[in-house]
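One letter stands for each residue in the lines below.
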Amino acid sequence: MLTAVDHVQLAAPAGSEDALRAFYTDVLGMTEIPKPPALAARGGCWFRAGPVQLHLGIDPDFRPARKAHPGLRVTGIAAYAARLADRGAQVTWDDNLPGHRRFYSDDPVGNRLEFLEPVI
């Protein structure tokens, strides 16, 4: 039986780790977590915010995920969107999911990220 999603992995091109670190820590407010030594040799980086983990793995044939994406639940979505915009990230609001406020943004390598908050 499935009980939870442990992490989501997105692909990234070689040499993009510094840009990814800046975005995921400074813009999104996540914390970088160490990769196990055997996996660290492959490049990439891992991030966490509470129970949410995003892993960015190096793919030599990298193509950004433009449609597939993680849906990241947030609180205070308007303030969070302002945080991203203030740090230079594009914020695209989408009102097409009933019962939620949500927006999309792209990481520095072009992967699509969805941020959503239920409307109570």
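A quick note: this is a predicted structure, and the numbers were derived from the prediction, not measured.

Peer 1: How do you make sense of the overall build of the protein chain when you look at a structure like this?
Peer 2: Counting secondary structure elements, the protein chain contains three helices and eight strands. Counting from the amino terminus, the protein chain carries its helices and strands in the arrangement β-α-β-α-β-β-β-α-β-β-β. At 15 Å, the protein chain has a C-alpha radius of gyration in line with the 14 Å of a compact globule built from 120 residues. Along the longest, intermediate and shortest principal axes, the C-alpha atoms of the protein chain span 45 × 40 × 25 Å. The burial tally for the protein chain puts 39% of its 120 residues in the buried class. Here the contacts in the protein chain between residues at least 6 apart in sequence split such that 53% fall between residues at least 24 apart. Total accessible area on the protein chain stands at roughly 7200 Å², and carbon and sulfur atoms take up 55% of it. Across the protein chain, the 13 positively charged side chains and the 14 negatively charged ones have centroids separated by 3 Å.

Peer 1: Sorry, what's going on with the side chain of His 55 here?
Peer 2: Structurally, His 55 is set in strand β4 (residues 52-58). For His 55, a relative accessible area of 4% translates into the label buried. In this structure His 55 touches His 7, Val 8, Gln 9, Leu 10, Cys 45 and Trp 46, once residues within four positions along its chain are discounted.

Peer 1: Help me understand the side chain of Asn 111, please; the structure alone is not making it clear to me.
Peer 2: When you line up the elements, Asn 111 lands in the loop between β7 (100-106) and β8 (112-118). A polar side-chain atom of Asn 111 sits 2.8 Å from the main-chain carbonyl oxygen of Ala 11.

Peer 1: So what exactly am I meant to see when it comes to the nonpolar core here?
Peer 2: Judged by nonpolar contacts, the single largest core of 24 residues is most densely connected at Tyr 24, Leu 28, Leu 84 and Phe 115. Listed by contribution, the elements that provide at least two residues to this core are β1 (8-12), α1 (17-27), β3 (45-49), β4, α3 (77-86) and β8. The contacts of Phe 115, once residues within four sequence positions are left out, are Leu 28, Leu 72, Val 74, Ile 77, Tyr 80, Leu 84, Arg 101, Arg 102, Phe 103 and Ser 105.

Parameters and conventions
The residue numbers shown here count from 1 along each chain, following its written sequence. Two thresholds apply to this predicted model, a pLDDT of at least 70 for residue-level local features and 80 or more for giving and counting side-chain atom pairs, whereas whole-chain, interface and lining totals are computed over all residues. Based on all heavy atoms of the structure, the side-chain values leave hydrogens and waters out of the count. Each helix corresponds to a stretch of at least 4 residues labelled H or I by DSSP, and each strand to a stretch of at least 2 residues labelled E; elements are numbered beginning at the N terminus. As defined in this context, the radius of gyration uses C-alpha atoms, and a globule is described by 2.2 Å times the residue total to the power 0.38. For every residue, the accessible area obtained with a 1.4 Å probe (protein chains only) is divided by the maximum for its type, and the residue is called buried under 20%, exposed over 50%, and partly exposed between those limits. Residue contacts follow a heavy-atom distance rule, with two residues in contact if any of their heavy atoms lie within 4.5 Å. To be clear on the numbers: accessible area is Shrake-Rupley with a 1.4 Å probe, and residue cover counts the displayed protein chains and nothing else. Charge convention: Lys and Arg are scored as positive, Asp and Glu as negative, and His as well as the terminal groups of each chain are ignored. For the purpose of locating charges, the reference atoms are NZ of Lys, CZ of Arg, CG of Asp and CD of Glu. Distance and chemistry together define a polar contact, namely a pair of N or O atoms within 3.5 Å, with one atom able to donate a hydrogen and the other to accept it when in protein, and with adjacent residues in sequence counting only for side-chain atoms on both sides. For our purposes a nonpolar core is just a set of buried Ala, Val, Leu, Ile, Met, Phe, Trp, Tyr and Cys residues, chained together by side-chain atoms within 4.5 Å.

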